[in-house]
Amino acid sequence: MSNAASMTVTTRTIELAGLGPESPLPAVQPLPGPPYVAGGGIPAEIVQGARWGGVKNIFPYMLQDAYTREAGATELTAVVLENQHLKATFLPQLGGRLWQLFDKDTGKELLHTGGRIQFANLALRNAWFAGGIEWNIGTRGHSPTTCSPLHTALVHTPDGQEVLRMWEFDRLREAVFQLDAWLPADSRVLFTAVRIRNPNATPVPMYWWSNAAIPQTPHTRVIAPATRAFATGYDGAMDVVAPSGFHGIDATWPARNPHAADFFFDLAPGRRRWELALDDAGDGLALVSSPRLRGRKLFVWGEGDGGRRWQEWLTPTPPGTEPRRYAEIQSGLAQTQFEYVPMPAGASWQWVEAYGNAGLDPAVAGGAWDAAVEHAGERVDSMVSAGVVDAALADAGRWADLAPSEFVVAGNGWGALERARRHAAKMEWIDETGTPFGQETLTAAQAPWLELLRANEGVVEKPFEPASAGEPRQPFGGAESFVRGLDWEDLLTAARNDSAEAAFHHAVMVHARADAANADDMATVAALYRKALGGTGGTGGTGGDGGGAGGTGTTLGKRSRVLAHRGLGLALIAAGDIDGGLLQLGHACHLEPGSRAVLLEAMALAVDNGRPALVFDLLEGAPAALLSLGQVKFLQARAHADTGDSAAAAAVLKEGIEVPDLREGANSIAELWRRVCPGEDVPEKYQFSMR
């Protein structure tokens, strides 16, 4: 057998659910807070870290929530790294996911994957899919880029090593991340190196977790070098536990856990950073890293009805086959996923991970915990020593800025726009030699913002200052995308750029950074939306035609009018004016009756805020295509129940509904069933409880 290694650009045909278009709604709604309260014994470092660094929302990213559960054969670009021991397959168009890692020596797939990719509501932007190894940056929750293409290229090093490089600009932390992957000839491990660069003049809260889905059978065990873990059982608490003695079970065997749970292993500072899974023959994925990647986690769905339903929802079982279960082993910058690590201004961080099969003795690895950990550590050292990992990190540092040799997939244009923005604002930026954001990646999404920068090029003073009053006017014409930053707000509020569209986008930016719980903030936001709408915001028809923003003579386009009414409605509801806010949402629905996103949000807020009868008014003007959606039917059933018509609600549920973007942890369909069908067993298809 040849000892040579290869890297090949090819395609993979996979049954893929349609992702659909991005939501048109600016993501200004607050993210849920941390779901756990730290119990006794949790280190102060974790408690403090969990209180700092979270983001208000995912703005300026847009939600990816229009997917369905209909899948079709789809050809995707794949990059395959292969030697005599391993074959690794990456999918650059889906967040760079390491989709498969096949161990040729044993003939086993080390990762959980399936023949179908099904999106579900588990990520920051909603859409997420199970399987492979996922890369998460920025903030708690699955990364904004997890279902999006990454810039991807091949790099040929002077040493003769071929490297797969993927990179992107993270719009939440305004940092650049890159992932290099390589497989040396005769290596038993695949190497990946992550580098994050913070070009900002201030520290940023940083987050990274690599999440590996591993096959789960009744014989699967997970081992990490720790005697205790910080556990969360989706019951609102985080406690210190012995993972091999959790509520009377050895939770290191994933199939023994009755409910969904997270276990963050407390690795001692001097221990090597590793975690592994093994099957009944001792084979499975070992995840090893350089010291910077401190955290290790085991996630299990649990063996309850809800856990099994979620697994089936994410990895549908083909007819005539047995269900395929999975658990996850993960590695991160902090000890838990509720903390952030301060990344200094201008800093560059890099680390290496190694993935392979450590090949344990199942008799020892399946025995007493301390002996299993010692044995696993020895096999990890044999698979890839600390010295080899250190050498790989040194190689990664030397290669990090090598220019790409061959481009494979283009990411989005936001990195290229960020470069132009920082040049215009005289802000620091990165050396793009190794991670170029080409002008060719700019699209219609970035074009209006690039034009805004160009129109103000050479204006020395801030555009809103009197010294720039003599500059010729060039009203901002609007954009379907969104940006954030005080420098952008300065441009939009400059007299020379003033327009109704500028006022609208400024209102959205302020809304995104405002405190939804602060009445004064929400009053300011509401006033800004009213200004964009022409001063009143209550017509629901023209929404300010004839005046626009403060008498500029410009008017909002239809799409922006819809979104301005929607934003005004959210601000009023947050300030306690429920009826006024829902009235504005009704105006938005009236202006664009065919908008799925606008209708669903208005219906949900009507029910959540005790105005269920409004749901039926909203549905009167909706087209048939929207009335057939599972999300609409469910909200309609909730409205029936809340208005006292349990029979109508029960009829909707018994007819059968499917909500493609049911949120992780939500069990709302089952709860409604118990309410309107008392004494009747909840159908299995409606059971999504995490407990």
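Residues numbered from 1 in each chain as written. Predicted model: local features only at pLDDT ≥ 70, side-chain atom pairs only at ≥ 80, totals over all residues. Heavy atoms only, no water.

A word on the overall build of the protein. On a plain count of helices and strands, the protein comes out with 18 helices and 27 strands. Rg of the C-alpha trace for the protein: 26 Å, near the compact-globule value of 26 Å for 691 residues, within the 12% margin. Based on the C-alpha atoms only, the size of the protein along its principal axes is roughly 80 × 70 × 50 Å. Counting all 691 residues of the protein, 57% fall into the buried class. For the protein, restricting intrachain contacts to residue pairs at least 6 apart in sequence, the fraction spanning at least 24 positions comes to 71%. (Helix = DSSP H or I, 4+ residues; strand = E, 2+ residues; numbered from the N terminus. Rg over C-alpha atoms; globule rule 2.2 N^0.38 Å. Buried < 20%, exposed > 50% of the residue type's maximum accessible area, 1.4 Å probe, protein only. Contact = heavy atoms within 4.5 Å.)

What follows concerns the packing of helix H10 (residues 519-533) against helix H11 (residues 558-574). Running from N to C, H10 and H11 point in directions that differ by 160 degrees, and their axes come no closer than 9 Å. Taken as axis vectors, H10 and H11 run roughly antiparallel relative to one another. Handedness of the crossing formed by H10 with H11: left-handed. Each of Met-522, Val-525, Ala-526, Tyr-529, Arg-530 and Leu-533 in H10 lies in contact with H11, whose residues at this interface are Arg-561, Leu-563, Ala-564, His-565, Gly-567, Leu-568, Ala-571, Leu-572 and Ala-574. Class assignment for the residues of the contact of H10 with H11 results in 11 nonpolar, two polar and two charged. (Axes fitted to C-alpha atoms, helices over the stretch in contact; angles between N-to-C directions. Parallel < 35°, antiparallel > 145°, perpendicular 65-115°, else oblique. Left-handed = near helix turned anticlockwise from the far one by under 90°. Nonpolar A, V, L, I, M, F, W, Y, C, P; charged D, E, K, R; others polar.)

Moving on, we come to the pattern of salt bridges. The full count for this structure, using the stated rule, is 29 salt bridges. The closest approach of N and O atoms between Glu-174 and Arg-421, which form a salt bridge, is 3.2 Å. Highlighted residues: Glu-174 in the loop between strand E12 (162-170) and strand E13 (175-182) and Arg-421 in helix H6 (residues 414-425), separated in sequence by 247 residues. Judged on exposure class, the residue Glu-174 and its partner Arg-421 are both buried. Overlapping salt bridges, with partners in common, bring together Glu-174, Glu-418, Arg-421, Arg-422, Arg-484 and Asp-487 in one network. (Salt bridge = Lys/Arg side-chain N within 4 Å of Asp/Glu carboxyl O.)

Counting across every chain of the model gives 23 aromatic pairs. Pairing Phe-246 with Phe-263 gives two aromatic rings, centres 4.9 Å apart and planes at 90 degrees, and the pair type is edge-to-face. Here Phe-246, found in the loop between strand E19 (237-241) and strand E20 (261-265), pairs with Phe-263, found in strand E20; they are 17 residues apart in sequence, far enough to count as distant. In terms of burial, Phe-246 and Phe-263 fall into one category: buried. Grouping aromatic residues by their ring pairs yields a cluster made of Phe-299, Trp-301, Trp-310, Trp-313 and Phe-688. (Phe/Tyr/Trp six-rings, centres within 6.5 Å; stacked < 30°, edge-to-face > 60°.)

This part is about the confidence of the model for the protein. Across the protein, the average pLDDT comes to 93, with 95% of residues at 70 or higher. Below pLDDT 50 for its whole length, residues 536-547 participates in 30 contacts with residues either more than four positions away or in separate chains. (pLDDT = per-residue confidence, 0-100.)

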